[in-house]
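Coordinate inspection notes
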Amino acid sequence: QVQLVESGGGLVQAGGSLRLSCAASGNLFSINDMGWHRQAPGKQRELVAAISRGGSTNYADSVKGRFTISRDSAKNTVYLQMNNLKPEDTAVYYCKAREVVGLGSYRVYWGQGTQVTVSS
């Protein structure tokens with residue numbers, strides 16, 4: 001019903017910038033929020049940033065001031081602008097969408113992930 005395709009990952013040096021894109025397609029009427037999660041080797045997948053349908057955002061403490069999540073509703077695309085990248089940002093980044101299927105009930109969709117590698 002909902003398909004997410006990430007792009008923009010790659011290899012950058014510490015201090016560099018990267019912008020990830022997540023294009024959503026399908027039936028998007030019931031999408032409540034979208035966000036970015038990341039998973040580094042040996043670590044749990046963690047929330048990086050999220051944005052609601054109304055535009056409110058939240059960030060992991062580790063990326064506040066460096067990362068910005070935004071959206072282009074006309075293009076059904078969510079972005080993650082990552083500045084001042086650090087080696088510890090290295091991870092697979094996944095786009096996530098939550099579809100409302102009932103009161104307090106969601107269906108979660110994940111993109112395939114895009115690798116971000118930050119060298120020192």
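Rules used throughout
Residues numbered from 1 in each chain as written. Predicted model: local features only at pLDDT ≥ 70, side-chain atom pairs only at ≥ 80, totals over all residues. Heavy atoms only, no water. Helix = DSSP H or I, 4+ residues; strand = E, 2+ residues; numbered from the N terminus. Rg over C-alpha atoms; globule rule 2.2 N^0.38 Å. Buried < 20%, exposed > 50% of the residue type's maximum accessible area, 1.4 Å probe, protein only. Lys, Arg positive; Asp, Glu negative; His and termini not counted. Charge placed at Lys NZ, Arg CZ, Asp CG, Glu CD. Patch = residues over 30% accessible without salt bridge, like charges linked within 9 Å, V, L, I, M, F, W, Y side chains within 5 Å. Areas by Shrake-Rupley, 256 points an atom, 1.4 Å probe, with all protein chains shown as cover. Salt bridge = Lys/Arg side-chain N within 4 Å of Asp/Glu carboxyl O. Pairing = 2+ DSSP bridges.

**Points about the overall build of the protein**
- The helix and strand tally for the protein stands at zero helices and 11 strands.
- Each helix (α) and strand (β) of the protein, taken in turn from the N terminus, gives the series β-β-β-β-β-β-β-β-β-β-β.
- Compactness check: the protein gives a C-alpha radius of gyration of 14 Å against a globular reference of 14 Å for 120 residues, within 12% of the reference.
- Judged by the C-alpha coordinates and their principal axes, the protein covers about 45 × 30 × 25 Å.
- By the burial criterion, 40% of the 120 residues in the protein qualify as buried.
- For the protein, the separation between the mean place of its 13 positive charges and that of its 8 negative charges on side chains is 2 Å.

**Describing a nonpolar patch on the surface**
- Where nonpolar side chains cluster on the molecular surface, the patch consists of V100, Y106, V108 and W110 and spans about 330 Å² of accessible area.
- Ranked by residue count, the leading element in the nonpolar patch is strand β10 (residues 105-110), at three residues.
- Take V108: it is sitting in strand β10.

**Digging into the pairing of strand β11 (residues 114-119)**
- Of the two faces of β11, the one lined by T114, V116 and V118 is fully buried and the one lined by Q115, T117 and S119 carries no buried residue.
- Strand direction decides the pairing type here: strand β2 (residues 10-13) and β11, joined by four bridges, are parallel. By the bridge assignment for β11, V12 is matched with V118.
- As paired strands, strand β9 (residues 91-102) and β11 are joined by three bridges and run antiparallel to one another.

**Considerations on the pairing of β10**
- As defined by bridge partners, β9 adjoins β10 across six bridges and the pair is classed as antiparallel. Within β10, the position partnered with V100 by the bridge is Y106.
- Between β9 and β10, which pair antiparallel and follow one another directly, the connecting turn spans two residues, one of which, G104, has a positive phi of 70°.

**Examining unusual backbone geometry**
- If you check the backbone angles, N76 has positive phi at about 55° while not being a glycine.
- By secondary structure assignment, the location of N76 is in the loop between β7 (67-72) and β8 (77-82).
- Although it is not a glycine, N84 adopts a positive phi angle of roughly 50°.

**Description of the pattern of salt bridges**
- Enumeration over the complete set of coordinates arrives at five salt bridges.
- Notably, a salt bridge pairs E46 with R38, separated by 2.9 Å at the nearest N-O pair.
- Overall, E46 belongs to the partly exposed group, its relative accessible area being 28%.
- With its nearest N and O atoms 2.7 Å apart, the salt bridge here joins D89 to R66. Of the two residues, D89 sits in the loop between β8 and β9 while R66 sits in the loop between β6 (57-59) and β7, which places them 23 residues apart along the sequence.
- For R66, a relative accessible area of 10% corresponds to the buried category.
- Here the salt bridges share partners, and the residues they tie into one network are R38, E46, R66 and D89.

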